[in-house]
Amino acid sequence: MSYRRDFTIGLRETRDFYLSLALRHWRKGIAGFGLVGALAALLYMSGTALSLPLQAAVCAGAALVTAALSLLVLTVSTRQRVKSQVRRSGRTSYVQETEINGFGVHVAVGRDRAKMAFSSLLRVRETRKAFYLFLSEQQAWILPKKQMEDPQAESEQLRTLFRTVMERRKLQLRG
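No experiment lies behind these values; they were computed from the predicted model shown.

A. Here's a closer look at the pattern of salt bridges. Enumeration according to the criterion identifies nine salt bridges in this entry. For arginine 4, the salt bridge identified is with aspartate 6, shortest N-O distance 2.8 Å. When the shortest N-O distance is used, the salt bridge between lysine 145 and glutamate 126 registers 2.6 Å. Here the residue lysine 145 occupies a position in the loop between β7 (139–144) and α3 (151–165), and glutamate 126 occupies one in strand β5 (residues 123–126), the gap between them amounting to 19 residues. Each member of the pair lysine 145 and glutamate 126 is classed as buried. Through salt bridges with shared partners, a single network forms among Glu126, Lys145, Glu156 and Arg159.

As structure tokens, then:
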């Protein structure tokens, strides 16, 4: 069983990857900011004549607003950081030739070639938009689903291939 496709990795794919890393890293922090917002609302309402259900509703609303604002700040800052890094690198996009077979993952970008055994991959994570084959915590090969000829069939083919050759604990697949 093997899979081969060329993907064009540009700003959008890079941004989606780094945004997924940031959201994964900050998910507990965002929840914490929401909790702080709820506590702040509770402190402001102490000593008021508001009913308990109304106080609970205000606290829940404050938690949601604070978490949403935290998420917005994280998203905007990550997008800006990725955009400036891509601009500084001078390479707005590149073609990633990808082949996955029983021997591992083979990737070529221009003259650079790399191959990695499945056992050496840190993990494989699937999102709505792409498969990420992690080489390290901050580096992955990106397989964007939008660029697949038949995203549903190719995604299932990749899931089957990864389930066959990789340890279950290294897989974070959707289907």
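That shown, we press on.
B. Here's a closer look at the nonpolar core. Counting residues in hydrophobic clusters, the biggest one holds 27 residues, and the most contacted among them are Ile100, Leu133 and Phe162. Residue contributions to this core peak at five residues, all from strand β6 (residues 130–136). Setting aside chain neighbours within four positions, we find phenylalanine 162 in contact with Ile100, Phe118, Val124, Phe131, Leu133 and Leu171. By size, the runner-up hydrophobic cluster in this structure holds six residues, among which are Ala38, Ala41, Cys59 and Ala62.

What counts and what doesn't
Residues numbered from 1 in each chain as written. Predicted model: local features only at pLDDT ≥ 70, side-chain atom pairs only at ≥ 80, totals over all residues. Heavy atoms only, no water. Salt bridge = Lys/Arg side-chain N within 4 Å of Asp/Glu carboxyl O. Helix = DSSP H or I, 4+ residues; strand = E, 2+ residues; numbered from the N terminus. Buried < 20%, exposed > 50% of the residue type's maximum accessible area, 1.4 Å probe, protein only. Core = buried A, V, L, I, M, F, W, Y, C linked by side-chain atoms within 4.5 Å. Contact = heavy atoms within 4.5 Å.

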